[in-house]
Structures are given as structure tokens and as C-alpha cells.
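# Residue-level structural notes
Residues per chain, in single letters:
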Amino acid sequence: MNENTTESVKIKINRSIEELLEWAKAHPESTLWELEERVQEWKTRIGAELLESALAVQGTGSQFEGRCACGGEWVFQGYRVRQVMTSQGMIRVKRAYYTCERCGQGFFPPG
């Protein structure tokens, strides 16, 4: 991830924090439960963005070495984007994709 991307993520987070606090200020009658719900929504949204960014920092996994459980070698098939449900919500992941030369099983490193 380059410096511009890092700054973009920081700007999104700061903007999101401001929105959350503005909502709290505009709703002084909100209960603790309602505030908790808003914070949880915020954490989930920001968590997904941070996770996606952290994965991008790791790269795309194009230099993977190893063997499939069947003993076959992994063959690089190119890069693919897929959506993955995580504990932080749905994220987009761009990773190198491999298939086993022997059994055809697909694999996105690191796992």
C-alpha cells in the first residue's frame, strides 16, 4: 500500500468518527443501547476497511511455494478478486490464485 492509500484510509476513518460523534450530539436523548449499536456499526464498517487495507499491504501472494495435500504442485493461474465474509464483515480480496496440477483444487494464499 502506498502513502496515498494509507492517507485515504485515515481520512475515511476520521470522517467516520466525526459522523458518529455528530450523530451522538444530534441525538442527546439516545440511550446507551442506541449509542452502543451505532458504535458497533461503526466498528464493523471500519474494521472491514482496515482488514482490506491490511491485506493489501501484505501483497497478492504471487510467490507462493508448496504442495497440495494430494502431493501435486500449485500452478499460478493469475490474480482474482473475491468477496470474503470475515468477522469484520464482507471484504474484497485480490490474491494470486493457484490450482493443483494433480487434483485441480484451487487455493488463494495465504490460506
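Scroll up to find the structure this text is about.
Parameters at a glance
- Residues numbered from 1 in each chain as written.
- Predicted model: local features only at pLDDT ≥ 70, side-chain atom pairs only at ≥ 80, totals over all residues.
- Heavy atoms only, no water.
- Helix = DSSP H or I, 4+ residues; strand = E, 2+ residues; numbered from the N terminus.
- Rg over C-alpha atoms; globule rule 2.2 N^0.38 Å.
- Buried < 20%, exposed > 50% of the residue type's maximum accessible area, 1.4 Å probe, protein only.
- Contact = heavy atoms within 4.5 Å.
- Lys, Arg positive; Asp, Glu negative; His and termini not counted.
- Charge placed at Lys NZ, Arg CZ, Asp CG, Glu CD.
- Expected span 1.5 Å × (residues − 1).
- Pairing = 2+ DSSP bridges.
- Axes fitted to C-alpha atoms, helices over the stretch in contact; angles between N-to-C directions.
- Core = buried A, V, L, I, M, F, W, Y, C linked by side-chain atoms within 4.5 Å.

The subject of this paragraph is the overall build of the protein. Counting its regular elements, the protein contains two helices and three strands. Ordering the α and β elements of the protein from the N terminus gives α-α-β-β-β. For 111 residues, the compact-globule formula gives about 13 Å, and the C-alpha radius of gyration of the protein, at 20 Å, lies well above that figure. Over its C-alpha atoms, taken along the principal directions, the protein stretches across nearly 65 × 30 × 15 Å. The burial tally for the protein puts 25% of its 111 residues in the buried class. When contacts within the protein are restricted to residue pairs at least 6 apart in sequence, those whose partners lie at least 24 apart make up 53%. Across the protein, 14 positive and 15 negative side-chain charges occur, with their mean positions spaced 8 Å apart.

All right, on to helix α2 (residues 32–58) then. Given a rise of 1.5 Å per residue, 27 residues ought to cover 39 Å, and the 38 Å separating the end C-alpha atoms of α2 matches this to within 8%. For α2, the full list of buried residues reads W42, I46, G47, A48 and S53. Phi turns positive one or two residues past the end of α2, at G59, with a value near 95°.

Attention shifts here to the sheet that holds strand β2 (residues 89–100). Sheet strands associate in pairs through backbone hydrogen bonding, adopting either a parallel or an antiparallel arrangement. The sheet built from three strands is open, its strands ordered β1-β2-β3 with antiparallel pairing. Where the open sheet ends on each side, the last strands, each with one partner, are β1 (74–86) and β3 (106–107). Pairing of β2 with β3 involves two bridges; the strand directions are antiparallel. Opposite T99, over in β3, you have G106 as the bridge partner. Along the sheet face, α2 touches β1 and β2 and points at about 30° away from the line of β2.

All right, on to the nonpolar core then. In a soluble, globular protein the nonpolar side chains are often hidden away together inside. Membership of the largest hydrophobic core is limited to six residues, which are C68, W74, A96, Y98, C100 and F107. Per-element accounting of this core gives the leading share, three residues, to β2. Not counting residues up to four positions away in its chain, the partners in contact with C100 are C68, C70, G72, E73, W74 and Q105. Core analysis: the second largest hydrophobic core is formed by five residues, V9, L20, W42 and I46 among them.

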